[in-house]
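Residue-level listing of the chains:
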Amino acid sequence: MTSIPNTIPAAQACVKTSKQLSQLRINHTRIRDLATEMRSLIYPDSQSGILLVVGPTGVGKSTLSKYLVELQLKATSSQMDQEAQLVPAIYVQAPASGEKCFSWRLLYERLLEQLEGDGLGLSKQAYGVDASTQRLVRPMRQGRSTLAGLRTAVERALRQRGTRLLVIDEAAHIFSQVSKTEMQSNLNTLKSLANECGTQIVLTGSYDLYHLVSLSAQLARRIHVLHFERYRYDRPGDVQAFHTCLRQFEAQLPHLWKGQLVPHTEALMENTLGCVGTLSGVLTRAARLAEDAGHWDVDYLQRTLLTHAQVNRILEEITDGELAVDPSLTRESVDAKHKSA
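Residues numbered from 1 in each chain as written. Predicted model: local features only at pLDDT ≥ 70, side-chain atom pairs only at ≥ 80, totals over all residues. Heavy atoms only, no water.

With respect to the overall build of the chain
Next, step 1: A count of helices and strands for the chain gives 16 helices and seven strands.
Next, step 2: Among the 341 residues that make up the chain, the fraction classed as buried is 46%.
Next, step 3: In the chain, the proportion of contacts linking residues at least 24 apart, taken out of those at least 6 apart, comes to 75%.
Next, step 4: For the chain, the exposed area adds up to about 17300 Å²; of that, 49% sits on carbon and sulfur atoms. (Helix = DSSP H or I, 4+ residues; strand = E, 2+ residues; numbered from the N terminus. Buried < 20%, exposed > 50% of the residue type's maximum accessible area, 1.4 Å probe, protein only. Contact = heavy atoms within 4.5 Å. Areas by Shrake-Rupley, 256 points an atom, 1.4 Å probe, with all protein chains shown as cover.)

Pasting the structure below:
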């Protein structure tokens, strides 16, 4: 693994804190391209009720998930101003409860928190106006002591809130450590929710999610898969894009990093395996060390790089995932059949 030479001079104190840096979203090429593609797939009456976004750990799937919701909210902001009950898109993380089976109860409760206002930072809005009394009507809360009651409450809330997009991050938690039958049952539960409420569901997670398309022909037809790839150092365009990401990080802490990260593009790309989320973690930890010391030294960056063991393990998982996903996403050219006819 390439090391970073000790050539970076000391710098002034940071203007931004490492906490602010950890919350930074780099709007890079992969994010923009995937968001553009997904906007073309998200529309009423779409045949793709469930969209899968799969990719390696640290690539930025959570960032993409939240960005998709932001875009949907911005696109419907004028309508939301006119309709107080409208919440067109929400984001939740699938819970890892520690139980043997996935906790649908916890997921439904998280969804209801979002739909009733708290999760989005909204005031608790009424869902509508009663036609006979002209009074604001709040959602019914009865019957939530049972799983069926929670499910009914979620369905009602999604319909009344007009939610068209539900993004579930860390979706692998829904399907991990279960049999193929249970996996299909869990996916059917989500598909049913999408069908009943007219809501498209985006599941983001590791490459393990891709196995869902092989469960049945019907599910395969209803699921659209998008590969959130890392930046690869054997592709010149990817190296340039990663280089641009580093420039964006430099711009966030100019007194600390101006012109200091880009010369190490190759080493940082190799160490983080081209994953911008992982890169952000490395740089944030280095910035914290610099803050504590009151000055910058390249040693802080060297100390926060992933170890050889970490890189090798992550690379193994990425390679297996790419080998499984890439050939499966290959589509035959429309012209190929025409020419052979």
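Moving on from the coordinates now.
A closer look at the packing of aromatic side chains
Next, step 1: Under the criterion given, the structure shown has four aromatic pairs.
Next, step 2: On the numbers, 6.1 Å between centres and 70° between planes, the contact of Trp296 with Tyr300 is edge-to-face.
Next, step 3: Three or more aromatic residues joined by ring pairs make a cluster, and in this case those are Phe102, Trp104 and Tyr108. (Phe/Tyr/Trp six-rings, centres within 6.5 Å; stacked < 30°, edge-to-face > 60°.)

Remarks on helix α6 (residues 147-161)
Next, step 1: Taking 1.5 Å of rise per residue, the 15 residues of α6 would be expected to cover 21 Å, and the 21 Å separating its terminal C-alpha atoms lies within 8% of that figure.
Next, step 2: Looking only at α6, the buried set comprises Gly149, Leu150, Arg151, Ala153, Val154, Glu155, Ala157, Leu158 and Arg161.
Next, step 3: Close packing links the buried residues of α6 with α5 (104-115) and α8 (180-197).
Next, step 4: One or two steps after α6, the chain reaches Gly162, where phi turns positive at roughly 65°. (Expected span 1.5 Å × (residues − 1).)

Brief notes about the pattern of salt bridges
Next, step 1: Following the criterion strictly, the structure yields ten salt bridges and no others.
Next, step 2: Here Arg159 and Glu155 are joined by a salt bridge, their closest N and O atoms 3.6 Å apart. Pair noted here: Arg159 and Glu155 are both in helix α6, with a separation of four residues, about one helical turn.
Next, step 3: Looking at Arg159, the relative accessible area reads 43%, which means it is partly exposed. (Salt bridge = Lys/Arg side-chain N within 4 Å of Asp/Glu carboxyl O.)

Some words on the side chain of Asn271
Next, step 1: If you trace the backbone, Asn271 turns up in helix α12 (residues 265-272).
Next, step 2: With a relative accessible area of 0%, Asn271 lands in the buried category.
Next, step 3: A polar contact of 2.9 Å, which involves the side chain of Asn271, links it to the backbone nitrogen of Leu306. (Polar contact = N/O pair within 3.5 Å; in protein donor to acceptor, adjacent residues only side chain to side chain.)

Focus on the sheet that holds strand β1 (residues 50-54)
Next, step 1: Sheet architecture is open: five strands sit in the order β2-β5-β6-β1-β7, paired in parallel fashion. The open sheet has two edge strands, β2 (89-93) and β7 (223-227), and neither has a second partner. Averaged over neighbouring strand pairs, the angle between their axes works out to 20° when direction is ignored.
Next, step 2: Sitting on the sheet, α8 touches β1, β5 (165-169), β6 (200-205) and β7, and the angle it makes with β6 is about 145°. (Pairing = 2+ DSSP bridges. Axes fitted to C-alpha atoms, helices over the stretch in contact; angles between N-to-C directions.)

Section: α8
Each α-helix turn comprises 3.6 residues. Residues three or four places apart therefore point the same way.
Next, step 1: Between its first and last C-alpha, α8 extends 26 Å over 18 residues, near the 26 Å set by a 1.5 Å rise per residue.
Next, step 2: For α8, every residue scored as buried is listed here: Met183, Asn186, Leu187, Leu190, Lys191, Leu193, Ala194 and Cys197. For α8, the angular spread of buried residues about the axis comes to 155°, placing them on one side. Counted as exposed and oriented over 90 degrees from the buried face of α8: Thr181 and Asn195.
Next, step 3: Backbone geometry just after α8 places Gly198 at a positive phi near 65°. (Arc of directions from axis to C-beta.)

Some thoughts on the pairing of β6
Next, step 1: The buried fraction of β6 amounts to six of the six residues, a majority that puts the element mostly inside the structure.
Next, step 2: Because side chains alternate across β6, one face comprises the buried residues Gln200, Val202 and Thr204, and the other comprises Ile201, Leu203 and Gly205, equally buried.
Next, step 3: Looking at chain direction, β1 and β6 are connected through five bridges and run parallel. Its bridge partner being in β6, Leu51 is matched across the sheet by Val202.

Overview of unusual backbone geometry
Next, step 1: Here Glu170, not a glycine, exhibits a phi torsion of approximately 55°, which is positive.
Next, step 2: Relative to the helices and strands, Glu170 resides in the loop between β5 and α7 (172-175).
Next, step 3: Looking at Glu170, the relative accessible area reads 35%, which means it is partly exposed.
Next, step 4: Of note, Leu273 is a non-glycine position whose phi angle comes to about 60°, a positive value.
Next, step 5: Mapped onto the elements of the fold, Leu273 is located in the loop between α12 and α13 (276-293).

Some details on the packing of α6 against α8
Next, step 1: One way to put it is that α6 packs onto α8 with a least axis distance of 9 Å and a crossing angle of 40°. Considering their axes alone, α6 and α8 lie oblique with respect to each other. Where α6 crosses over α8, the handedness of that crossing is right-handed. Listed contacts from α8 to Arg151, Val154, Glu155, Leu158 and Arg159 of α6 are Thr189, Ser192, Leu193, Glu196 and Cys197. (Parallel < 35°, antiparallel > 145°, perpendicular 65-115°, else oblique. Left-handed = near helix turned anticlockwise from the far one by under 90°.)

Focus on the pairing of β7
Next, step 1: Within β7, five of the five residues are buried, which leaves the element mostly enclosed by the surrounding structure.
Next, step 2: Residues of β7 alternate between two faces, with Ile223, Val225 and His227 on one and His224 and Leu226 on the opposite face, all of them buried.
Next, step 3: Note: β1 against β7, five bridges, orientation parallel. Residue pairing for β7: Ile50 is matched across the bridge by Ile223.

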